[in-house]
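Per-entry structural report
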Amino acid sequence: MDVYEDHYEILGLPSGKNGAKITLKEITKAYKAKALLLHPDKNPFDSKAKAKFQRLKSSYDVLKDDNTRKLFDKKLSNIIAKRRKMESDLARKKRKKEEEVAKSARAAAKAKEETKTAAKAAAEAEKAAKRVATNAEEEAKTAAEAASIAATIAKEKATAAAKAKERARAATKAKEKANAAAKAAAEAADFHVLKKESERANDTNKKDKSNQYSFSDSDSTDISSSSSPSWSSFSSDSSSC
């Protein structure tokens with residue numbers, strides 16, 4: 001007797017606890033129905049018909065005997081219990097595996113979301129860095145332009161200061177020349193005044209001398225008025241004058 005074959009199923013009957021409740025009459029009826037279908041005379045072209053029929057008869061022999069049936073029911077119950085336990089273990093392992101797969105899927109989804117978030121943050125950071133770089137570049141450009149303008153203004157101021165300094169030196173020189181000219185003019189004026197005074201003094205001296213000579217001639221004329229003057233005395237007087 002093969003305990004690993006379910007004789008109830010071979011006869012087309014319910015198995016397990018429901019099979020144990022089936023009567024001998026029901027077993028015989030099921031056997032006869034199956035025997036008509038599986039008999040080799042009914043299946044001449046099936047090479048396995050004889051083996052199928054013998055298997056059917058063997059299952060019927062087990063179930064129609066009360067002792068062999070009880071022994072089979074006991075062993076079948078153990079087999080079913082083991083199968084159920086195995087199926088339960090498999091189901092538990094399957095659930096565990098599914099949970100692990102689901103957990104892995106959730107972790108993968110979370111990692112994907114975190115990666116997406118990190119990529120988005122990196123993109124935002126890159127954009128922010130570009131904005132900062134652009135602002136810094138613009139500020140540097142503005143600062144350079146301001147520095148250039150300041151340098152130009154400083155250069156212009158320096159040029160203006162140099163020109164002002166040059167004008168100041170020129171003004172100083174002009175002032176010095178003007179002062180020198182004024183001094184020279186003053187000195188010239190003083191010299192002219194002195195010259196005029198000297199000339200007036202000379203003229204005065206000459207007039208005084210002339211007056212002296214005139215006074216002397218008058219006296220001589222008075223003294224010698226009684227006699228006619230000679231040509232020699234006239235010439236002497238003329239030469240003296």
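Placed above this text is the structure.
The following paragraphs examine the structure supplied in this document. (Residues numbered from 1 in each chain as written. Predicted model: local features only at pLDDT ≥ 70, side-chain atom pairs only at ≥ 80, totals over all residues. Heavy atoms only, no water.)

A word on the overall build of the protein chain. Across its full length, the protein chain holds 6 helices and 0 strands. In sequence order, the protein chain lays out its α and β elements as α-α-α-α-α-α. Taken across its 241 residues, the protein chain has 12% of its residues classed as buried. Long-range contacts, defined as pairs at least 24 residues apart, comprise 53% of the intrachain contacts of the protein chain with a sequence gap of at least 6. Taken as a whole, the protein chain presents about 19600 Å² of accessible surface, with 57% of it coming from carbon and sulfur. (Helix = DSSP H or I, 4+ residues; strand = E, 2+ residues; numbered from the N terminus. Buried < 20%, exposed > 50% of the residue type's maximum accessible area, 1.4 Å probe, protein only. Contact = heavy atoms within 4.5 Å. Areas by Shrake-Rupley, 256 points an atom, 1.4 Å probe, with all protein chains shown as cover.)

With that settled, the discussion passes to the packing of aromatic side chains. Applying the stated criterion across every chain, the model contains 2 aromatic pairs. With a centroid separation of 5.9 Å and 40° between ring planes, the pair formed by Tyr8 and Phe72 is classed as tilted. Of the two residues, Tyr8 sits in helix α1 (residues 7-10) while Phe72 sits in helix α5 (residues 66-223), which places them 64 residues apart along the sequence. Seen from their ring centres, Tyr31 and Tyr60 are 4.1 Å apart, and the 10° between their planes marks the pair as stacked. Of this pair, Tyr31 sits in helix α3 (residues 24-38) while Tyr60 sits in helix α4 (residues 49-64), placing them 29 residues apart in sequence. On the basis of relative accessibility, which here comes to 13%, the residue Tyr60 falls in the buried class. (Phe/Tyr/Trp six-rings, centres within 6.5 Å; stacked < 30°, edge-to-face > 60°.)

Let us now look at the packing of α3 against α4. With their axes 10 Å apart at the nearest point, α3 and α4 run at an angle of 175° to one another. With respect to α4, the element α3 is oriented roughly antiparallel. Facing α3, whose interface residues are Leu24, Ile27, Thr28, Tyr31, Lys34, Ala35 and Leu38, α4 presents Ala49, Lys52, Phe53, Leu56, Lys57, Tyr60, Leu63 and Lys64. Class assignment of the residues belonging to the contact of α3 with α4 gives a composition of 10 nonpolar, 1 polar and 4 charged. (Axes fitted to C-alpha atoms, helices over the stretch in contact; angles between N-to-C directions. Parallel < 35°, antiparallel > 145°, perpendicular 65-115°, else oblique. Nonpolar A, V, L, I, M, F, W, Y, C, P; charged D, E, K, R; others polar.)

Within the element layout of this structure, Thr28 appears in helix α3. Residue class for Thr28 comes out buried when judged on its relative accessible area of 18%. Side-chain polar atoms of Thr28 contact the side chain of Tyr60, separated by 3.2 Å. (Polar contact = N/O pair within 3.5 Å; in protein donor to acceptor, adjacent residues only side chain to side chain.)

Once that is clear, we can look at the nonpolar core. In this structure, Tyr8, Leu11, Leu13, Ile27 and Tyr31 are the most contacted members of the largest nonpolar core, which totals 17 residues. Among the secondary structure elements, those contributing two or more residues to this core are α1, α3, α4 and α5. Among the elements that take part in this core, α4 stands out by supplying 5 residues, more than any other. Beyond its immediate stretch of four places on either side in the chain, Leu11 contacts Ile27, Ala30, Tyr31, Lys34, Leu56, Tyr60 and Leu63. (Core = buried A, V, L, I, M, F, W, Y, C linked by side-chain atoms within 4.5 Å.)

Now for the pattern of salt bridges. Scanning the model with the defined rule gives 10 salt bridges in all. A salt bridge links Asp66 to Lys70; its shortest N-O distance comes to 3.5 Å. Of this pair, Asp66 and Lys70 both sit in helix α5, 4 residues apart, which is roughly one turn of the helix. Judged by its relative accessible area of 53%, Lys70 falls in the exposed class. Through salt bridges with shared partners, a single network forms among Lys57, Asp61 and Lys64. (Salt bridge = Lys/Arg side-chain N within 4 Å of Asp/Glu carboxyl O.)

Turning next to α4. Its 16 residues give α4 an end-to-end C-alpha distance of 22 Å, which sits within 8% of 22 Å, the value for a rise of 1.5 Å per residue. The set of residues buried in α4 consists of Ala49, Phe53, Leu56, Ser59, Tyr60, Val62 and Leu63. (Expected span 1.5 Å × (residues − 1).)

This next bit is on the environment of Leu63. Tracing the sequence through the fold places Leu63 in helix α4. Along the backbone, Leu63 and Thr28 are 35 residues apart, and their C-alpha atoms lie at a distance of 9.1 Å.

Geometric descriptors of this kind do not, in isolation, establish any biological role.
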